[in-house]
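Coordinate inspection notes
If you want the building blocks of each chain, they are given just below.
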Amino acid sequence: MNAKSGKLYHGTAWYPELWDDSVILHDIAMMKEAGINVVRIGEFAWSTMEPTEGDINIDLFADIILRLHAEGIDTIMCTPTATPPIWLTHQHPERLHVDDRGTIMGHGSRQHICTNNAVFRAKAARITEAIASRLGRLPGLIGWQLDNEFKAHVAACHCESCLLLWQRWLEDRYGTIEALNEAWGAAIWSQQYERFDQIPHPGPTPFLHSSSMQTAHRRFSMASIAQFADEQAAIIRRFSEAPITHNSSIAFHVDNERLFEHLDFASFDTYASAENYAAYLINCDLFRNYKPGRGYWLMETSPSYSGSLQSAAVPHPQGYVAAESAAAYALGAEAFCYWHWRQHRSGCEQPHGSVLSAWGKPTIGWANVLEVESARRTLEPLLLASEPAKAEAALVYSDRAKAFMATEPLKAMNYRGLMTSYYARLLAMGIHRDVVPEGVELQGRKLLLTPFLPYVSEEFMRSAIAFVEEGGTWIVGPVTGGRTEEHTIPTDAALGKLEELAGVEARFSYPLDGSGAVGEAFGIRAPLGMWGTVFELQGAASVGTMIDGLTPGYSFLTEHRVGDGLLVMLGAMPIGEEGDAMLRAMLDHYASYADVTLRVDATSGTLVAPRVEADGRQLWVIVNMDGRGGTVIVPDGTVDALTDEPIEAGSLAVERYAYRVVRLPLVV
């Protein structure tokens, strides 16, 4: 399954196990009318497949896959391990998930079982093997999804099974209890341990567990769920050659880089509002880079609005879903899919938006689906014959950093929100960007950005230094480098090795909010907030200086030549309108300095996704995302890629939520 196979996918989640045959026939007919060419099934159907322990029958799903195939619709088959049935819950309560307050989850929703429990793993392996052996080579089955939304509703489990695994994980990691005590600085508050079997979960205490324990526990949980995915994938591969994914998110308690390491393609879901379109697009720019060279899938988003028994989102404006799809496909998506096809008649997500109502009639999302299908058919020939352009600017997104900041949010900083806000500035400035995991290959990049990365690993440091020495520009911070791998504070220097490399000494590191901190850079004065570090120069040049607050005269923004490149230290976060202007000035200055050429002059709210055709020519897929329409400056020699008509150089208008595709002249 690959974009080069000859199609882009337009899909939906569907639950045929909930309906009789007349509804199934009706739904398939309506799918064909709407242009749906792929369906995801099975994700919550464990009790249908195995109503009593050991009584497994997968025939219903084999029949559905074959019926869909006969109608030209492909299938993604899911393992149902997110919803263990009542016989597994009720007969084996020791397998239930326990949260960090000691609350035992009960039956009635999903993700209520501990995925680390050995008996659960055995039952999950058995049902997965049964599904894979029965369905693995059926025509029309083009891919697999493991479970659904790992760690969406729960985080690390604190049950007795996990306690033993946690202690074993620590022993494997540190070797001796003395090494753990030293790494964690456990002598503080007399927190040393004598044996690994004394170490608890970081559960309820009168105040707080240590940072080292909390972050290690989060990383243990992330590693454990990825290992569960590896187990499931290995079972499926014995019976099927179809590629395997998981439907994930940057919102969940997982390390996506590790999760997708041994899977075949990346996929995600998002329900960002139209007003928050940057939170939608950051997913596209990130998940494209978990499996480079392989199209990602937007496995689920709403055809209009999301909802549950306790909430309902505002429906998307008409036209916005088509804009979402055009942007996703242009940025490298192989599929754009909905949750879900037919509205549930019962359960906790009854109010959720769908394509059809529970009574089988089109919902307000139906018109959006038809618009998406029109966009898919229009864009497909051009997108199949081109590839997303590799961005010269790379913004590092790290789920490990998210774990560090969940432990130590420093003035209530939220990692995902901070990164989305930083990303939104690059987006609005027309700088084409890849959002990348820490293991990214930096060759061919020009500008590297690592904000909010508390711990910089040795591996990443070596890669980044080589990137700079060979001519790259690296903008570090804020809040980058101030913690060790064990989530302790460095004792050689506030920012460890970064200081010597950057030609600075971190003089003070402290919370700036409410301190009256003001800085000046690029001719702009702005308040500085969050957690900040100010520098004395040790060879670097000052670009931004504190002019008010507790540390006037110190630098908060510096630059230093390293080899053929430049290392820039941003020690404090400019805030407010003036701060936004300062950050944009900084990004514009260093993008120009780094000779970033993949950037466009477009009005804010209008996306340009550059792609490259086989002969080297660039395609620009231009999508208005903000509903206000916009303009993009195009060069002389540009043609409309859909009509082959020439386009006059200058300002090209794009209507509200509309898209255009233009072909730029070949640069020799």
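Attention in this report is confined to the structure presented alongside it. (Residues numbered from 1 in each chain as written. Predicted model: local features only at pLDDT ≥ 70, side-chain atom pairs only at ≥ 80, totals over all residues. Heavy atoms only, no water.)

Quick look at the overall build of the protein chain now. Helix and strand counts for the protein chain come out as 17 helices and 29 strands. For a compact globule of 668 residues, the expected C-alpha radius of gyration is about 26 Å, and the protein chain comes in at 26 Å, within 12% of that figure. The principal-axis extents of the C-alpha atoms in the protein chain amount to approximately 75 × 75 × 40 Å. The 668 residues of the protein chain split such that 59% are buried. Taking the contacts inside the protein chain whose residues are at least 6 apart along the sequence as the reference set, 71% of them involve residues at least 24 apart. Carbon and sulfur atoms form 52% of the exposed surface of the protein chain, whose accessible area is close to 25600 Å². (Helix = DSSP H or I, 4+ residues; strand = E, 2+ residues; numbered from the N terminus. Rg over C-alpha atoms; globule rule 2.2 N^0.38 Å. Buried < 20%, exposed > 50% of the residue type's maximum accessible area, 1.4 Å probe, protein only. Contact = heavy atoms within 4.5 Å. Areas by Shrake-Rupley, 256 points an atom, 1.4 Å probe, with all protein chains shown as cover.)

Strand order in this open sheet of five strands is 11-24-25-29-27, and the pairing throughout is antiparallel. Of all strands in the sheet, those with a lone pairing partner are strand 11 (386–388) and strand 27 (639–640), marking the two edges. As defined by bridge partners, strand 25 (residues 618–624) adjoins strand 29 (residues 659–663) across five bridges and the pair is classed as antiparallel. Across the sheet, Val623 pairs through a bridge with Tyr659, a residue of strand 29. Here helix 12 (residues 366–384) sits on the sheet and contacts strand 11, strand 24 (606–613), strand 25 and strand 29; the angle it forms with strand 29, its principal contact strand, is near 20°. (Pairing = 2+ DSSP bridges. Axes fitted to C-alpha atoms, helices over the stretch in contact; angles between N-to-C directions.)

In terms of burial, helix 10 (residues 277–287) is largely enclosed, as eleven of its eleven residues are buried. Three or more residues of helix 10 are buried, namely Tyr277, Ala278, Ala279, Tyr280, Leu281, Ile282, Asn283, Cys284, Asp285, Leu286 and Phe287.

So, on to empty space enclosed by the protein. Under the criterion given, the structure shown has five cavities of 30 Å³ or more. As for the largest cavity, its lining consists of 15 residues, of which Gln111, Ile113, Thr115, Lys151 and Val154 are closest to the centre. Grouping the amino acids of the lining of the largest cavity by side-chain chemistry returns eight nonpolar, five polar and two charged. (1 Å grid on protein atoms, 1.4 Å probe; cavity = no way out; pocket = protein on both sides within 12 Å on 5 of 7 lines; lining within 4 Å. Points joined across faces, edges and corners; volume = space filled by probe spheres on them. Nonpolar A, V, L, I, M, F, W, Y, C, P; charged D, E, K, R; others polar.)

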